[in-house]
Amino acid sequence: QVQLVESGGGLVQAGGSLRLSCAASGSIFSINAMGWYRQAPGKQRELVAAITSGGSTNYADSVKGRFTISGDNAKNTVYLQMNSLKPEDTAVYYCNANLFTIRTTFPYDYWGQGTQVTVSS
């Protein structure tokens, strides 16, 4: 069993900053990559940023230069530093981990419960 626990969402004014954290725990053997997705009302879930265990990162064009993803492999934790927030960043943010458990020979995707980020204008 694997759990992803997110924290750090909230309400912020446009131009402000928030930092999201996500810790993975449970029967983890190894993690390939972790990332953040978001889903706004009436829209599809989209990738925001991802980071591999080797440190390679990938960002949505809409957040490049404003958001920074980082990870702590020893703690199985990923962070998303969000600066210069805009009202269009308002969404539920979900943590994702692609990982092997101690019982599988192929990786699965696991998801957190989501954390609300609201940016007021």
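For the structure, see preceding data.
What comes next is a walk through the structure. What you are looking at is a predicted structure, and each value in this text was computed from that prediction instead of being measured.

Attention now goes to the state of the cysteines. All told, the structure shown has one disulfide when counted by the stated rule. Disulfide partner of C22: C95, at an S-S distance of 2.0 Å. Linking C22 and C95, the disulfide has an S-S dihedral of approximately -85 degrees and is accordingly described as left-handed. Note that C22 is positioned in strand β3 (residues 18-26) and C95 in strand β9 (residues 91-101), a separation of 73 residues in sequence.

On to the pairing of strand β10 (residues 108-111), then. Bridge analysis of β9 against β10 gives four bridges, and the strand direction is antiparallel. Its bridge partner lying in β10, N96 is registered against W111. Connecting the antiparallel pair β9 and β10 is a turn made up of six residues.

A few words on the pattern of salt bridges. Scanning the entire structure with this criterion turns up four salt bridges. When the shortest N-O distance is used, the salt bridge between R38 and E46 registers 2.7 Å. What makes R38 buried here is its relative accessible area of 6%. As a salt-bridge pair, R38 and D89 come within 3.0 Å of each other at their nearest N and O atoms. Residue R38 is found in strand β4 (residues 28-39), and its partner D89 is found in the loop between β8 (77-82) and β9; the two are separated by 51 residues along the sequence. Put simply, R38, E46, R66 and D89 are held in one network by salt bridges that share partners.

The rules behind these values
- Throughout, a residue's number is its position along its own chain's written sequence, starting from 1.
- With pLDDT at 70 or above as the cut-off, local features in this predicted model cover only qualifying residues; side-chain atom pairs require 80 or more to be listed or tallied, and sums for whole chains, interfaces and linings still use all residues.
- Side-chain metrics in this entry use all non-hydrogen atoms of the structure; hydrogen atoms and water are not considered.
- Note on terminology: disulfide denotes any pair of cysteine sulfur atoms within 2.5 Å.
- We count a stretch as a helix when DSSP gives it H or I for four or more residues in a row; a strand needs E for two or more, and each element gets its number in order from the N terminus.
- When DSSP finds two or more bridges between two strands, those strands count as paired.
- In the sections that follow, a salt bridge refers to a side-chain nitrogen of Lys or Arg positioned within 4 Å of a carboxyl oxygen of Asp or Glu.
- Burial classes follow relative accessibility: with a 1.4 Å probe on protein chains only, a residue under 20% of its type's maximum area counts as buried, one over 50% as exposed, and anything between as partly exposed.

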